[in-house]
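The lines below spell out each chain.
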Amino acid sequence: MTTIEVDEDEHGSWTVLRVRGEVDLVTSPRIRRRVHDAVAGGRHDLVIDLSAVRFCDSSGVGVLIASRRLLRSCGGRLRLILPEQRADGEGHVGRVLSALGVQRLFDVYEDVPGATLTEPGRIAP
């Protein structure tokens, strides 16, 4: 069974969605809904922390791209937390985004403190 957990936290002007589990056809609508709820609530600076995601398919990538588009349309910003690829499987989402050639579309950071600074240093794609 596919599982996902999404927690929300505030860091200054940034809303942080921490995603854990698997992002696929079954679970990606939940992330989409959380992003839409944040935007509807007037929160336009969003960090999606994907460091605890074990699996991501094309529907999950589609949600990330749609979220980027939505936030840009309202003058907002989207930043992703993606760990480096490690032998234990950490970094799966970054590997998927790179393989699909879309990681360059996103502002990617190593951790939440770095992503929620006013102008943090970005990880090179």
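About the cut-offs
Residues numbered from 1 in each chain as written. Predicted model: local features only at pLDDT ≥ 70, side-chain atom pairs only at ≥ 80, totals over all residues. Heavy atoms only, no water. Helix = DSSP H or I, 4+ residues; strand = E, 2+ residues; numbered from the N terminus. Buried < 20%, exposed > 50% of the residue type's maximum accessible area, 1.4 Å probe, protein only. Contact = heavy atoms within 4.5 Å. Areas by Shrake-Rupley, 256 points an atom, 1.4 Å probe, with all protein chains shown as cover. Pairing = 2+ DSSP bridges. Axes fitted to C-alpha atoms, helices over the stretch in contact; angles between N-to-C directions. Expected span 1.5 Å × (residues − 1). Polar contact = N/O pair within 3.5 Å; in protein donor to acceptor, adjacent residues only side chain to side chain. Core = buried A, V, L, I, M, F, W, Y, C linked by side-chain atoms within 4.5 Å.

Asker: Help me get a handle on the overall build of the protein chain, residues and values and all.
Answerer: Within the protein chain, the regular secondary structure consists of four helices and five strands. When the elements of the protein chain are put in sequence order from the N terminus, they spell out β-β-α-β-α-β-α-β-α. Counting the 125 residues in the protein chain, one finds 43% classified as buried. Nonlocal contacts in the protein chain, meaning residues at least 24 apart in sequence, comprise 67% of its contacts between residues at least 6 apart. Per element, the accessible surface of the protein chain, about 6,600 Å² overall, is 51% carbon and sulfur.

Asker: How would you explain the sheet that holds strand E5 (residues 107-109) if you had to name every residue and give the values?
Answerer: Hydrogen bonding along the main chain pairs the strands of a sheet, whether they run parallel or antiparallel. Ordered by their spatial adjacency, five strands build an open sheet running E1-E2-E3-E4-E5, and the pairing between neighbours is mixed. One side of each edge strand has no neighbouring strand; the edge strands of this open sheet are strand E1 (4-11) and E5. When strand polarity is set aside, the average angle formed by the axes of neighbouring strands in this sheet is 25°. In this structure, strand E3 (residues 45-56) lies alongside strand E4 (residues 77-81), joined through five bridges in parallel fashion. The residue bridging Ile-48 from the neighbouring strand is Leu-80, located in E4.

Asker: Describe helix H2 (residues 58-73), naming the residues involved and giving the relevant values.
Answerer: Taking 1.5 Å as the rise per residue, H2 with 16 residues should run 22 Å; its terminal C-alpha atoms sit 22 Å apart, in good agreement. Residues of H2 that are buried: Ser-59, Gly-60, Val-61, Val-63, Leu-64, Ser-67 and Leu-71. On its buried side, H2 packs onto strand E2 (14-23), helix H1 (28-40), E3, E4 and helix H3 (92-99). Among the residues trailing H2, Gly-75 stands out with phi positive, at a value near 75°.

Asker: Could you give an account of the side chain of Asp-45, naming the residues involved and the relevant values?
Answerer: Turning to its location among the elements, Asp-45 is positioned in strand E3. A distance of 3.0 Å separates polar atoms of two side chains, one belonging to Asp-45 and the other to Arg-77. For Asp-45, the residues in contact, after removing those within four places along its chain, are Ser-13, Trp-14, Thr-15, Gly-76 and Arg-77.

Asker: Tell me what's going on with the nonpolar core, and back it up with residues and numbers.
Answerer: Core analysis: the largest hydrophobic core is formed by 27 residues, its most contacted members being Val-19, Ile-31, Leu-46, Ile-48, Leu-50, Leu-80 and Leu-97. At the level of elements, E1, E2, H1, E3, H2, E4 and H3 are the ones that each hand at least two residues to this core. At five residues, the largest contribution of residues to this core is made by E3. The contacts of Ile-31, once residues within four sequence positions are left out, are Ile-4, Val-6, Val-19, Val-23 and Val-63. Ranked by size, the runner-up nonpolar core spans seven residues in total, among them Val-16, Val-47, Tyr-109 and Ala-115.

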